[in-house]
Amino acid sequence: MDKYMSINYDTLLENTKLGYDLYLKTYVKGIPRYVLFYRGDESFGNDRREELIKQNIKKLFISTNDVQKYFNYQEKNLQSIIGDKNKSSEEKSQTVYHVAKYLAMDLANDPRSGTHLRRVTKWVDNTINYIFDDENAFSSLVKVTSHDYYTYTHCVNLSVLGLLFGKYLFLNPYELKCFGTGLLLHDIGKVEIPLTIINKPGKLTKEEFEIVKGHPVAGQNLLEDKNIEEGALRIVIEHHENFDGTGYPNRIGGMDIHLFGRIARIIDVYDAVTTRRSYAGAKRPFAALMEMKEHMITCFDLELLKEFISFLGPHDPRRKRRKEESIYDVGIDKVIS
Ligand SMILES: [Fe+2]
Ligand SMILES: [Fe+2]
């Protein structure tokens, strides 16, 4: 049986060819029916949009078979979506986040692909423009970051949080570009680790942990000769180095760790503790920061940790994350596996 997912018509740009069909949901004797509204090979014109507005229809549906086409369209048009003054920050943030999520999945399937790496750079550029242009980007982007821990959502969370924090620290656009790219790629070496270990519920054995510890070097090897900026590569290799020199793989410490590596260490732990993993529930931001302070304080550059705490502020935007049924919330992780 065909399955459908809802999308908001705000995500569609006028006068573009969408490449996927749109459906309307109706009920016949209480049974939902999906009726074709638009064919993907036509141009989505203003007349079609007006029809929707006139009938007060906010939600459209696409076939779950077209999810990939939908996100390809969003990625291709990301710059226009971000620059569209008529779209809300929430809608833009959803698009920015989910385009990256899809991209991170593609990257995990084919980490050596030059095309995917170029897509990463383009996404980082667009996201930087977005956070500089829209003052609501911070709250709406943090709201949309995932509560559930998967390697790909974790990488996207880190890149989004890192770009916002980097802006707060007054990193310049070039630095932000390296930083955001490095964060999105930081755990790419995990593709070399067996999934049975990555997804293992409960504590890892000593041997398993030794295998996991190989991911920064594996990531560095994967990205060798790929034209990745030095600052970004330093994140891949240094994000598990501790400020007191007890981390891995090279046990370097203090200022020998690149600024980006020291920041990445903080956000990496913060995101892991505030998301649900296979072996632990998500902690609230305050509890997460307390845990980091009480049990790991020597792992971090204290000045940066203080900055991170004031950057987060007293709010917890993730709490207000919308629970409505949409393509973003319903089973997309199950659809794309
Ligand atoms: Fe890592
Ligand atoms: Fe990580």
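Chemist: Outline helix 8 (residues 173-185), supporting the account with residue identities and numerical values.
Modeler: Over its 13 residues, helix 8 runs 18 Å from end to end, which matches the ideal 18 Å to within 8%, given 1.5 Å per residue. Among the 13 residues in helix 8, ten count as buried, and that is most of the element. Among all positions in helix 8, only L176, K177, C178, F179, G180, T181, G182, L183, L184 and L185 are buried. The elements touched by buried residues of helix 8 are helix 4 (89-109), helix 5 (114-133), helix 7 (151-168), helix 11 (215-223), helix 12 (230-238) and helix 13 (259-274).

Chemist: Describe the environment of P32, with residues and values.
Modeler: As for its placement among the helices and strands, P32 is situated in strand 4 (residues 31-38). By C-beta crowding, P32 is classed as exposed, having 10 other C-beta atoms within 10 Å. C-alpha separation for the pair P32 and I257, spaced 225 residues apart in sequence, amounts to 57 Å. Ignoring any residue separated from it by four or fewer positions in sequence, one finds P32 in contact with K25 and Y27.

Chemist: Before we move on, can you summarise unusual backbone geometry with the specific residues and values?
Modeler: In terms of backbone geometry, most residues other than glycine have negative phi values and most peptide bonds are trans. Here the residue pair Y248 and P249 is connected by a cis peptide bond, since its omega of 10 degrees sits within 30 degrees of zero. Along the chain, P249 falls in the loop between helix 12 and helix 13. Positioned with a positive phi, D225 is a non-glycine residue whose angle comes to about 60 degrees. Inspection of the secondary structure puts D225 in the loop between helix 11 and helix 12.

Chemist: Before we move on, can you summarise the domain arrangement of the protein with the specific residues and values?
Modeler: As assigned here, the protein comprises domain 1 (1-66) and domain 2 (77-335). Relative placement of domain 1 and domain 2: their C-alpha centres are 33 Å apart.

Basis of the calculations
Residues numbered from 1 in each chain as written. Chains lettered and ligands numbered in written order. Predicted model: local features only at pLDDT ≥ 70, side-chain atom pairs only at ≥ 80, totals over all residues. Helix = DSSP H or I, 4+ residues; strand = E, 2+ residues; numbered from the N terminus. Expected span 1.5 Å × (residues − 1). Buried ≥ 20, exposed ≤ 12 C-beta atoms within 10 Å, placed from the backbone. Contact = placed C-beta atoms within 7 Å. Domains from an automatic or database assignment.

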